[in-house]
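The primary structure of each chain is shown beneath.
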Amino acid sequence: MKVTLIKVSMLEGKGYDAMKPLIFAIFESITPPDVEMEYIDERVEDIPETIDSDVIALSVETFAARRAYEIARKYKTEKNKVIMGGFHPTVLPDEALEYCDTVLMGDAEDTWPEYLKDYREGITKDRYLSSNQCKISEIDFNSRAFEGKKYHKIGLVQFSRGCKFSCDFCSIGSFYQCRVRQKSIDTIVQEIKGIKEKILFFIDDNIFLDEESAFKLFAAIRPLKKKWACQISMDVAFHDRMLEAMRDSGCILVLIGFETLNPDNLKLMNKIANIKTKRYEDAIANIYRHELMIYATFVLGYDYDTAGSIEATLQFAMDNNFAAANFNPLIPMPGTRLYERLEEEGKLIYPKWWLEEGYKYGDTAYYPLSMTPYELKEGCKNARFAFNTYKNIFLRLLRNKVHWNPFHLAVFIVLNVVSRKEIHRKQGKMLGGGDCAQSFSGR
């Protein structure tokens, strides 16, 4: 039995920012040795004209759904099975099943072994639903699945899955229903010891489930002498002991969702930790005091945003000299409360923007309340481009001493060079591949 697992890209062409997809290592760890596995990452390599495998499995996110359906059509034959997993097939299984034979909904650790068992017995079902309570796989981050592929030299680590918060626009809450599971500290330590890369990124949506586990984690990884980055919520910005423990254990950068400067928008988002923060500037100053760089993300286009507030957000990002920042137009992701609300209010420009012919990266998918769709698209594009001009990159570096540490400086330069390239590569590009002019109304 041969299986080909494909990590689907949302755009044509190879990217500059691709990191090792953990799904490859997860599949390798949970697949019996008598199954021949082939791994293809479309973000960094070309996919072949033909694939001679019994099962073709596609890992699909919403931005890549159109491309995934195109690939499914290309490779589907009477002799093979095409299956899909990931966020998008989990929340829209009926749609995915128009293009594939089976969807794996939720975690792969319990759905994939069950599917393989049924395949061998010739009784596969069209859906396999995970409990999302299974043990998180122990990963070999030097897996043969990554051999021959050019990724950024950053090691990925996963301590937990899920998030304790439930933001209105976030797909993680709908995927895991606000449940959070963690690996054991011993498992994480052993995994990190096996990682060749000197810099790690914890891909956890929020590494802080509770103080006890966080402090134990940082104490355990401190002797490993790795440099690392992670995503944090705003409440951690004022936790001095936590920030000290992070820095002392090797943390150099934190990614924070500021999302908006407007308190009324924060209430619509249900962004609890941000609502409790009186002044963002105080949080930023405290993080910088602990010598940590900041990667800021913003979601623009909620009801109280205007074209002027996008400009104000750009100015805020420049004034605070962030190491990097994303200015994202609000995207209604299927399965979220936001999508359901906009659908009920009749504000979706496209019922399914991810399948819409002509939809491009950066386009507005709904009707904002306080600006036009064009103003939102252009405002976010201009903010992205302006923040990443060579002049502004230099100014952010020069005006923030946190970036001057030699190791920080190297990370800052690489991060900004790659971000600038990816922004210009993606903005305004059509989702999917070369055959995307075809209709996706059904099989």
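The shown structure was predicted, so the numbers you read here are calculated from the model rather than taken from an experiment. (Residues numbered from 1 in each chain as written. Predicted model: local features only at pLDDT ≥ 70, side-chain atom pairs only at ≥ 80, totals over all residues. Heavy atoms only, no water.)

**Examining the overall build of the protein chain**
Then, in step 1: The helix and strand inventory of the protein chain stands at 17 helices and 14 strands.
Then, in step 2: Projected onto its principal axes, the C-alpha positions of the protein chain cover 60 × 50 × 35 Å.
Then, in step 3: Within the protein chain, the fraction of its 443 residues that count as buried is 57%.
Then, in step 4: The contacts in the protein chain between residues at least 6 apart in sequence include a share of 75% that link residues at least 24 apart. (Helix = DSSP H or I, 4+ residues; strand = E, 2+ residues; numbered from the N terminus. Buried < 20%, exposed > 50% of the residue type's maximum accessible area, 1.4 Å probe, protein only. Contact = heavy atoms within 4.5 Å.)

**Remarks on the environment of Ser 419**
Then, in step 1: When you line up the elements, Ser 419 lands in helix α17 (residues 406-426).
Then, in step 2: Residue class for Ser 419 comes out buried when judged on its relative accessible area of 16%.
Then, in step 3: Through-space distance from the C-alpha of Ser 419 to that of Leu 348 is 29 Å; in sequence the pair is 71 residues apart.
Then, in step 4: In this structure the side chain of Ser 419 is engaged in a polar contact, spanning 2.8 Å, whose partner is the backbone oxygen of Leu 415. (Polar contact = N/O pair within 3.5 Å; in protein donor to acceptor, adjacent residues only side chain to side chain.)

**Considerations on the nonpolar core**
Then, in step 1: One finds Leu 58, Phe 218, Met 246, Phe 258 and Phe 322 to be the most contacted residues of the largest nonpolar core, which totals 142 residues.
Then, in step 2: Ignoring sequence-local partners within four residues, the contact set of Phe 258 consists of Met 234, Leu 266, Asn 274, Tyr 280, Ile 284, Ile 294, Ala 296, Thr 297, Phe 298, Phe 316 and Phe 322. (Core = buried A, V, L, I, M, F, W, Y, C linked by side-chain atoms within 4.5 Å.)

**Details of the environment of Ile 221**
Then, in step 1: Inspection of the secondary structure puts Ile 221 in helix α8 (residues 211-221).
Then, in step 2: The sequence separation of Ile 221 and Lys 81 amounts to 140 residues, and the corresponding C-alpha distance is 42 Å.

**Brief notes about the pairing of strand β5 (residues 102-105)**
Looking along a regular strand, one sees the side chains alternate between the two faces of the sheet.
Then, in step 1: Burial along β5 is two-sided: Thr 102 and Leu 104 facing one way and Val 103 and Met 105 facing the other are all buried.
Then, in step 2: Where strand β4 (residues 81-85) meets β5, three bridges bridge the pair, whose relative direction is parallel. Its bridge partner being in β5, Met 84 is matched across the sheet by Val 103.
Then, in step 3: Since β5 and strand β6 (residues 127-129) lie parallel, the crossover through helix α5 (residues 108-121) that links them has a hand, and here it is left-handed. (Pairing = 2+ DSSP bridges. Right-handed = clockwise from strand over helix to strand, strands pointing away.)

**Details of a nonpolar patch on the surface**
Then, in step 1: A contiguous nonpolar surface patch, about 330 Å² in accessible area, is contributed by Phe 394, Leu 398 and Trp 404.
Then, in step 2: Tracing the backbone shows Trp 404 in the loop between α16 (390-398) and α17.
Then, in step 3: Note on Trp 404: relative accessible area 43%, which makes it partly exposed. (Patch = residues over 30% accessible without salt bridge, like charges linked within 9 Å, V, L, I, M, F, W, Y side chains within 5 Å. Areas by Shrake-Rupley, 256 points an atom, 1.4 Å probe, with all protein chains shown as cover. Salt bridge = Lys/Arg side-chain N within 4 Å of Asp/Glu carboxyl O.)

**Here's the deal with the sheet that holds strand β10 (residues 199-202)**
Then, in step 1: A sheet is described by the order of its strands in space; here six strands give the open sequence β7-β10-β11-β12-β13-β14, paired in parallel fashion. Looking at the sheet topology across the chains shown, the edges are occupied by β7 (155-157) and β14 (324-329). With strand direction ignored, the average angle separating the axes of adjacent strands in the sheet is 20 degrees.
Then, in step 2: When β10 meets strand β11 (residues 227-232), the two strands line up parallel, connected through three bridges. When the bridges of β11 are listed, Ile 199 appears paired with Lys 227.
Then, in step 3: Taken strand by strand, helix α15 (residues 373-387) contacts β13 (293-300) and β14, and its axis lies near 170 degrees from that of β14. (Axes fitted to C-alpha atoms, helices over the stretch in contact; angles between N-to-C directions.)

**Focus on the packing of helix α13 (residues 307-319) against α15**
Then, in step 1: Two numbers describe how α13 lies on α15: the axes approach to 9 Å, and their chain directions differ by 15 degrees. Regarding the angle of α13 to α15, the classification is roughly parallel. Both α13 and α15 take part in a crossing whose hand is right-handed. Listed contacts from α15 to Ala 307, Ile 310, Leu 314, Ala 317 and Met 318 of α13 are Glu 375, Leu 376, Gly 379, Cys 380, Ala 383, Ala 386 and Phe 387.
Then, in step 2: Of the residues that constitute the contact of α13 with α15, the class distribution is ten nonpolar, one polar and one charged. (Parallel < 35°, antiparallel > 145°, perpendicular 65-115°, else oblique. Left-handed = near helix turned anticlockwise from the far one by under 90°. Nonpolar A, V, L, I, M, F, W, Y, C, P; charged D, E, K, R; others polar.)

**Focus: the packing of helix α7 (residues 185-193) against α8**
Then, in step 1: Contact pair α7 / α8: the axes reach a minimum separation of 10 Å and the direction vectors enclose 35 degrees. In the packing of α7 onto α8, the handedness of the crossing is right-handed. Contact with α7, carried on its side by Ile 185, Ile 188, Val 189 and Ile 192, involves Ser 213, Lys 216, Leu 217, Ala 220 and Ile 221 of α8 and no other residues of that element.
Then, in step 2: Counted by class, the contact of α7 with α8 contains seven nonpolar, one polar and one charged residues.

**Some thoughts on the pairing of β13**
Then, in step 1: For β13, the buried fraction is high: eight of the eight residues fall into the buried class.
Then, in step 2: Across the two faces of β13 the burial is the same, with Met 293, Tyr 295, Thr 297 and Val 299 and Ile 294, Ala 296, Phe 298 and Leu 300 all buried.
Then, in step 3: Pairing analysis gives six bridges linking strand β12 (residues 251-259) to β13, with the strands arranged parallel. Along β13, the bridge assignment pairs Leu 255 with Tyr 295.
Then, in step 4: Summarising the sheet, β13 and β14 pair through six bridges and their orientation is parallel. The residue of β14 that forms the bridge with Val 299 is Asn 328.
Then, in step 5: For the crossover that starts at β13, traverses α13 and ends in the parallel β14, the hand is right-handed.

**A closer look at the sheet that holds β6**
Then, in step 1: With respect to topology, six strands assemble into an open sheet ordered β2-β1-β3-β4-β5-β6, the strand pairing being parallel. Looking along the sheet, the strands with just one partner apiece sit at the ends: β2 (36-41) and β6. When the angles between neighbouring strand axes are averaged without regard to direction, this sheet yields 20 degrees.

**Examining α5**
Then, in step 1: Between the first and last C-alpha of α5 there are 20 Å, a value that for 14 residues agrees with the 20 Å anticipated at 1.5 Å per step.
Then, in step 2: All of the buried residues in α5 are Ala 108, Glu 109, Thr 111, Trp 112, Tyr 115, Leu 116 and Asp 118.
Then, in step 3: Directly beyond the C-terminal end of α5, a positive phi value near 70 degrees is found at Gly 122. (Expected span 1.5 Å × (residues − 1).)

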